[in-house]
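Architecture and fold: a report
Single-letter residue listing:
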Amino acid sequence: MRHKSIFFFFFFFFFLNNIHVEAQPSTIGYTCATNLSAYPCQTYAFYRAAAPDFLDLASIGDLFSVSRLMISNPSNISSSPASPLIPDQSLFIPISCSCNTLNTSITISYAPFPYTINSGNTFYLVSTQSFQNLTTYQSVEVVNPTFEPTRLNIGDVITFPVFCKCPNATQVRNGVRYLISYVFQPSDTVGSVASTFGTTPQSVTDVNGDDIQPFDTVFVPVSRLPNLTQPVPRPLTASKSENRGAIIGLGVGLGVCAVNLVLVLGGWYLRERKMKKKKKGGKYHGDEEKFGVGGRSGKKMEEVNLMADVSGCLDKYRVFGIDELKEATNGFDEKWVIQGSVYKCAIDGEVYAIKRMKWNAYQELKILQKVNHGNLVKLEGFCIEPEEANCYLLYEYVENGSLNSWLHQRKNEKISWKTRLRIAIDVANGLQYIHEHTRPKVVHKDIKSSNILLDSNMRAKIANFGLAKSGCNAITMHIVGTQGYIAPEYLADGVVSTKMDVFSYGVVLLELISGREAVDEEGKVLWASVDGILDGKEERKLMRLRAWMEDRLVDESCSMESVMGAMVVAVACLNRDPARRPSMVEIVYALSKSDDLVFDVSEDGLSPRQVMAR
């Protein structure tokens, strides 16, 4: 009997131990090879809206360092702040997946997301609740070796690695565009997951194996993002027993409310009598009436506060009335929309572009009032609407629209290489001005082809300083910007510097040379496609460049030396190490002399050297 008990004890212990091991998710992560051309890639993570902290796109966007639109577009939902999410609403989160070698010689694929530790946070809680098991606390420990999990301080910035994978060459040939990161739920089956994403169970097991456990991250291969089936809000119906309970509860609640109402009215009556006595004695001065929150006086105080914020701008810019703007745009009719919330209007014979926004323009006004350069879009005036707490910025109207539209939408309207090079130099001059000639320096933070406007002479002006920051070499946790243009160090660590503008500028240069968009239909970033393009001998470099550049430029028979010079500048701008990227002064010089210079990309960045003209 004793031997049976010992045998049963060891069997039971072995059984429990096996259950524990099998229930665990993949702890460290998923290995990858850094030499694979598949990395980096743009992919998606499946996420569910959850109460109480993640029931709106803004909160989820902050967690994953993306904008509301970057979530709403692939998820086929509205991006409006007025459209709240419902619990368990399905979302696709765009992530940038890369293969990372850690200091323990472990190489895993993940998308890094910085997270600021708050009171009560632990690696485990943030991994399982905020990131919903898209990572594990063990992986967080490996990625953040300098932090002790038991000694975290409020304000510590921790990198949380969201597990991801990029499709390999075979998968791409089979039509796979994305491997969506999905956390396998206890109620899931491989068949149900495959059905949700419009793929086959076999394709899921081919990628993940057949031993998938609850809370493992699985990678679902898809050729396109499916239309998500959203949960239906619970209908406002109830059974008879529920109705009976509700009626009883309602009766109890009304009784409590009645008692409270009597107490409140009694307290109000006693207070009024007391106040009347004070007023008769001359001790009451009507402060409640003067500073009341509601009514006209409250709105007047709000208007005073708003005007005080921009008081330093009143003598520099024209202050427009809201009635002027409404009359000029027929009440902000859609036919006057240029793009998004920007409208075209004519007032007193002058044409303006009106940027309509909620009251958050102070920082933009503060920066714009100290800059004045021909390659920056000029601010002409502003308007404050205190009734709705709106602010309107009126800019000079730039006739030919954005560079993005000329490169990617107006395909039949050709831009010559000479014009493209002139645009590149204009943008570089504008950036040089805000980086070198303002005190403190200004970082634009959102350089992209859609924020570069072209006037009637096809000269470029930098627009939209809504994200700009005065001062640099700072750290921020609020990552903003546009996918495909964001510098790696800013995305990973929140480092704000002028070199992040240089990186974005490099992407714009690639657009000018290739005619391609910063992010293609498959979610791949343009800058990743130029790795190795300048390797090897001159003949090989020129051949690869000719194959990579836009066909119409090849047909134009433009100077390949000039194009090569611009490509070398672009590659230098995209250096992973911000310190090795050129300054805008070097870029302006290099591009201005591109027909007469040869450029070398060295370990120290961009090194121009003059050669004899042939």
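Residues numbered from 1 in each chain as written. Predicted model: local features only at pLDDT ≥ 70, side-chain atom pairs only at ≥ 80, totals over all residues. Heavy atoms only, no water.

Some points on the state of the cysteines
Tallied over the full model, the rule gives three disulfides. Each sulfur of the disulfide joining C32 and C99 lies 1.9 Å from the other. In this structure, the disulfide formed by C32 and C99 twists by about 100° around the S-S bond and is classed as right-handed. In this pair, C32 sits in the loop between α1 (2-23) and β1 (41-48) while C99 sits in strand β2 (residues 90-101), placing the two residues 67 residues apart along the sequence. In this structure, C32 and C99 share a single accessibility class: buried. A disulfide bridge connects C97 with C164, and the sulfur atoms are separated by 2.1 Å. With the S-S bond torsion at 90°, the cross-link from C97 to C164 turns out right-handed. Placement of the pair is C97 in strand β2 and C164 in the loop between β4 (157-163) and α6 (169-173), with a sequence separation of 67 residues. In this structure C97 comes out as buried when scored by relative accessible area, which is 0%. Assigning the bonded cysteines of the protein consecutive numbers by sequence position, one obtains the connectivity 1-4, 2-6, 3-5. (Disulfide = S-S within 2.5 Å. Helix = DSSP H or I, 4+ residues; strand = E, 2+ residues; numbered from the N terminus. Buried < 20%, exposed > 50% of the residue type's maximum accessible area, 1.4 Å probe, protein only.)

Brief notes about the pattern of salt bridges
Enumeration according to the criterion identifies 14 salt bridges in this entry. With a shortest N-O distance of 3.7 Å, R151 and E148 are connected by a salt bridge. (Salt bridge = Lys/Arg side-chain N within 4 Å of Asp/Glu carboxyl O.)

A look at the packing of aromatic side chains
Within this structure, the stated rule accounts for 23 aromatic pairs. Between Y124 and Y137 the ring centres are 5.8 Å apart and the planes differ by 70°, which places this aromatic pair in the edge-to-face class. Placement of the pair is Y124 in helix α4 (residues 123-130) and Y137 in helix α5 (residues 137-143), with a sequence separation of 13 residues. For Y137, a relative accessible area of 33% puts it in the partly exposed group. Through a chain of ring-to-ring contacts, the aromatic side chains of Y47, F54, F64, F113, Y115, F123, F131 and F160 assemble into a single cluster. Sitting over the face of the ring of F332, R356 holds its NZ or CZ atom 4.5 Å from the ring centroid. (Phe/Tyr/Trp six-rings, centres within 6.5 Å; stacked < 30°, edge-to-face > 60°. Lys NZ or Arg CZ within 6 Å of the ring centre and 35° of its normal.)

Describing the environment of G484
Tracing the sequence through the fold places G484 in the loop between β17 (474-475) and α16 (488-493). Look at G484 and you get buried, because its relative accessible area is 7%. Separated by 43 residues in sequence, G484 and W527 have C-alpha atoms that sit 7.7 Å apart. Leaving out residues up to four positions away in the same chain, G484 has contacts with V507, A518, V519, V525 and W527. (Contact = heavy atoms within 4.5 Å.)

Overview of the nonpolar core
If you look at soluble globular proteins, the nonpolar side chains tend to sit buried side by side. F465, Y505, L510, I513, I587 and L591 are the most contacted members of the largest nonpolar core, which has 85 residues in total. Counting residues in hydrophobic clusters, the runner-up holds 37 residues, among them L134, L152, F160 and C164. (Core = buried A, V, L, I, M, F, W, Y, C linked by side-chain atoms within 4.5 Å.)

As for the confidence of the model for the protein
Put simply, the protein has an average pLDDT of 79, and 75% of its residues get 70 or more. Segment residues 232-247: pLDDT under 50, and three contacts once partners within four positions in sequence are set aside and those in other chains are kept. Confidence drops under pLDDT 50 across residues 607-614; counting only partners more than four residues distant or on other chains, this segment forms 15 contacts. (pLDDT = per-residue confidence, 0-100.)

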